[in-house]
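Each chain is listed here by its residues.
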Amino acid sequence: MDTTSTLVRIYDTFRALVRSASPIDVATGLAAIWALRAVIQAFRRRRFRTTRLRGPKSTSLLFGVAKELFTSPDTGTIFEEWSKKYGVAYEVPMIFGRRRIVLCDPKAAAYLLSRDTWSYVGTAGNKEPVARTIGKGLFWSEGESHRRQRRSIAPSFNSTTIRKLTPAIHKTADKVRAAWETSIESNGGGSVVLDVQKCHSGGLLILFSLDSFGIAGFSYDFGSLHGRPNSMISVLDAFGAPSTPNFWDGTVLLISLLYPIILNVPTSRFEMFTKLRARMSEICEVLIDNAAKEQDGASDERVSTIGLLLKAEDGNSGGRITREEVKAQATAPRQIRTLLFASYETTAVVMTWALIELARHPNVQTKLREELLSFGGEPSYDQLTTGFPYLDAVVQETLRTHSSVQDLIRQASEDDVIPLSQPVQTRSGEVVDRIAVKCGTEIGISVPGMNCSEAIWGPDAKMYRPERWLEPDGVTKKAQEVKGYRHLLTFGDGPRACIGKLFAIAEIKIILLIVIKNFVLEMRDGPDTKVEMTRGIKMRPKVAGEDGTKVPLRVRSYKGSRCVPLTLNDTRSQPCCGKVLSV
């Protein structure tokens, strides 16, 4: 009763004060509450500091270790070595004294990526180039805008849609088979050397990726495999062109990570992107018109990605995607690049790596061919998904060892505490199992550093060994803690996980099925051929000593037991995650 009486008296007193207060008193009281709240928040911000972690020393007064990371073709190994020395979380010095926390821990990575686009967002230095070269679409957006755009595109890449598209992708892959058979016959019927990564050399993988993507994303057949002329071919060649920036270009690029305004300074890289935008704009109107016609056809069972965006744009509810977001995503000279870059470029690189690894490992190639030949006819999407375990293992191992995405860089948009699976030592010597990150703190995750980490995947993490995906303990318990698709970060994780991963995997499986059933692949210069990484718009493979990004493979028709790979007795698993790859 005493407590109740006290509460009643407090309430009566408060009501009397409110009734007697003037508007000025109320305003003064509210202002005082607001000021007190601001003081408390400021005090908390001063007290909340990012945990200072150990890490490597700076190698440059101006650039920290940023230049070393930018010029290295194998940043994953660098990050892994630092992780062995400093623990699963450490900090590295970056440009102009800035510091970045690096996470090499499945638990911490899962925590951060699950809060992507909200508590953790892209950095200004990474977002500004995206806005300039690709547009303010899915790559650029955050929070609610990102959620709306992703929801509008998602139906175009779900399993139901891909199931319907599979026959069309098969037909596109058959064109590659026919072209390779023609090349072999024209060369006397024995074998032919094809650069599988170049558009104009007969490799045709890039053209296959373009045509497949056109069907899926735009319901439009570019007809590249039929030799139909279009401006996209020169664009694709430019995508793959190696980029070796001079001192000025490299300096501008590094400084832009901190001061994006410097991107206005003319450089050769800026000129290249300007040309790419101009060429891409030539086909935009065709794709938009095609999508508009598709949208008008009420009986159409299949609606392309652009069509879905246009339909979403027509809605009047607040949850619909806005016209500006539609433009950034699909309908202006800058807009189509988001879909092209995400759906084409990544897939083409992984396809190239898959063929390289099969040529380098003839025992793997033979085992895969045996599985594929055991199936007659054209497999459906469901059969591709579950009916070819070794094919699936080859694709997953290629995605593990050769991620086209190198780093996931985010910035905290609010104060937070990130949990760790293992304790780390701070600079002061304290051992902690979580780290505080203040708003504005930059955090990075190395994708190859996680995918090929010996601490996560075991002592054979650097080996290309598809069998690990079929063995009971092949995927280690530590690797199973990685929350990405199939315990990999190749497609990212969380709200920003690659929306087209199922389509990309279907493409890769279909092209491997067609190629390996019908052809035998070998390294042109024998089993000791070295393969390097070179930096274009993305990291691409190339055979050492070749110009550009050439990957010449010797291709010959498979003729049953009469066709035996020349190096079939070489059953060793070879390292695949290094700066230079020795076969």
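Residues numbered from 1 in each chain as written. Predicted model: local features only at pLDDT ≥ 70, side-chain atom pairs only at ≥ 80, totals over all residues. Heavy atoms only, no water.

Caption draft 1: A look at the sheet that holds strand E8 (residues 442-446). Taking strand neighbours across the sheet as the criterion, the five strands line up as E1-E2-E8-E5-E3 in an open arrangement whose pairing is mixed. Among the strands making up the open sheet, the edge pair consists of strand E1 (89-93) and strand E3 (120-121). Here strand E2 (residues 99-103) pairs with E8 via four bridges, running parallel. What sits directly across from Arg100, in E8, is Glu442. Where helix H4 (residues 75-86) meets the sheet, it contacts E1, E2, strand E5 (407-412) and E8, and its direction lies at approximately 120° from that of E1. Here helix H5 (residues 106-114) sits on the sheet in contact with E2, E3, E5 and E8, set at roughly 120° to E8. (Pairing = 2+ DSSP bridges. Helix = DSSP H or I, 4+ residues; strand = E, 2+ residues; numbered from the N terminus. Contact = heavy atoms within 4.5 Å. Axes fitted to C-alpha atoms, helices over the stretch in contact; angles between N-to-C directions.)

Caption draft 2: The arrangement of the packing of helix H16 (residues 362-373) against helix H21 (residues 501-518) in detail. Running from N to C, H16 and H21 point in directions that differ by 100°, and their axes come no closer than 9 Å. Judged by the inter-axis angle, H16 sits roughly perpendicular to H21. Counted together, Gln365, Leu368, Arg369, Leu372 and Leu373 of H16 and Leu512, Leu513, Ile516 and Lys517 of H21 form the full contact between these two elements. (Parallel < 35°, antiparallel > 145°, perpendicular 65-115°, else oblique.)

Caption draft 3: The nonpolar core, seen in detail. Counting 93 residues, the largest nonpolar core has Leu103, Trp180, Ile418, Ile435, Ile445 and Leu512 as its most contacted members. Per-element tally for this core: the top contributor is H21, with eleven residues. Counting residues in each nonpolar core, the second largest holds twelve residues, with Ala66, Leu69, Tyr90 and Val92 among its members. (Core = buried A, V, L, I, M, F, W, Y, C linked by side-chain atoms within 4.5 Å. Buried < 20%, exposed > 50% of the residue type's maximum accessible area, 1.4 Å probe, protein only.)

Caption draft 4: Layout of H21. The end-to-end C-alpha separation of H21 is 26 Å, in line with the 26 Å expected for 18 residues at 1.5 Å each. Among the 18 residues that make up H21, 16 are buried, leaving the element largely enclosed by the rest of the structure. (Expected span 1.5 Å × (residues − 1).)

Caption draft 5: Expanded view of the packing of aromatic side chains. On inspection of all chains with the given rule, the structure shows eight aromatic pairs. Between Phe79 and Trp82, the ring centres sit 5.8 Å apart and the planes meet at 80°, which makes this aromatic pair edge-to-face. Highlighted residues: Phe79 and Trp82, both in helix H4, separated by three residues, approximately one helical turn. When the ring of Tyr485 is compared with that of Phe491, the centres are 6.0 Å apart and the planes differ by 75°; the resulting orientation is edge-to-face. Residue classification places Tyr485 among the partly exposed residues on the basis of a relative accessible area of 26%. Here Phe491 falls in the buried class, since its relative accessible area comes to 8%. Members of the aromatic cluster, joined through ring pairs, are Phe79, Trp82, Tyr86 and Tyr90. Above the face of the Tyr111 ring, Arg115 is positioned so that its terminal group lies 3.7 Å from the ring centre. Over the face of the ring belonging to Trp457 we find Arg400, whose NZ or CZ atom lies 5.4 Å from the ring centre. (Phe/Tyr/Trp six-rings, centres within 6.5 Å; stacked < 30°, edge-to-face > 60°. Lys NZ or Arg CZ within 6 Å of the ring centre and 35° of its normal.)

Caption draft 6: Main features of the pairing of E8. A large share of E8 lies buried, amounting to five of its five residues. Side chains Glu442, Gly444 and Ser446 project from E8 onto one buried face, and the interleaved Ile443 and Ile445 project onto a second face that is buried too. Two strands pair when backbone bridges link them, and E5 and E8 are joined in this way by five bridges, in the antiparallel orientation. Pairing of Leu408 across the sheet is with Ile445, part of E8.

Caption draft 7: View of the packing of helix H8 (residues 159-186) against H21. Where H8 meets H21, the closest approach of the two axes is 9 Å, and the angle between their N-to-C directions is 35°. Between H8 and H21 the crossing geometry is right-handed. Seen from H8, the contacting residues are Ser159, Ile162, Leu165, Thr166, Ile169, His170, Ala173, Asp174, Val176, Arg177, Trp180 and Glu181; seen from H21, they are Leu502, Phe503, Ala506, Glu507, Ile510, Ile511, Ile514, Val515 and Asn518. (Left-handed = near helix turned anticlockwise from the far one by under 90°.)

Caption draft 8: A look at the side chain of Glu91. When you line up the elements, Glu91 lands in strand E1. Side-chain polar atoms of Glu91 contact the side chain of Arg52, separated by 2.9 Å. At 2.4 Å, the side chain of Glu91 and the side chain of Arg99 are in polar contact. Among all residues touching Glu91, those that are not within four sequence positions of it are Thr51, Arg52, Leu53, Arg54, Gly55, Pro56, Arg99, Arg100, Ile101 and Arg427. (Polar contact = N/O pair within 3.5 Å; in protein donor to acceptor, adjacent residues only side chain to side chain.)

Caption draft 9: Region of the structure containing the sheet that holds strand E12 (residues 552-557). Across the sheet, which stays open at both edges, the three strands sit in the order E4-E12-E9 with antiparallel pairing between neighbours. A single partner strand is all that each edge strand has here, and the edge strands are strand E4 (192-195) and strand E9 (519-523). Strand-to-strand, the axes of this sheet are offset by a mean angle of 35°, without reference to chain direction. Sheet topology places E4 next to E12; four bridges connect them, and they run antiparallel. Residue pairing across strands places Leu194 opposite Leu553, the latter belonging to E12.

Caption draft 10: The environment of Thr160, seen in detail. Here Thr160 lies in helix H8. As for Thr160 and Tyr381, which are separated by 221 residues in sequence, their C-alpha atoms are 9.5 Å apart.

Caption draft 11: Broad picture of the environment of Ile153. Along the polypeptide, Ile153 turns up in helix H7 (residues 143-153). Judged by its relative accessible area of 1%, Ile153 is buried. For the pair Ile153 and Leu138, spaced 15 residues apart in sequence, the C-alpha to C-alpha distance is 9.5 Å.

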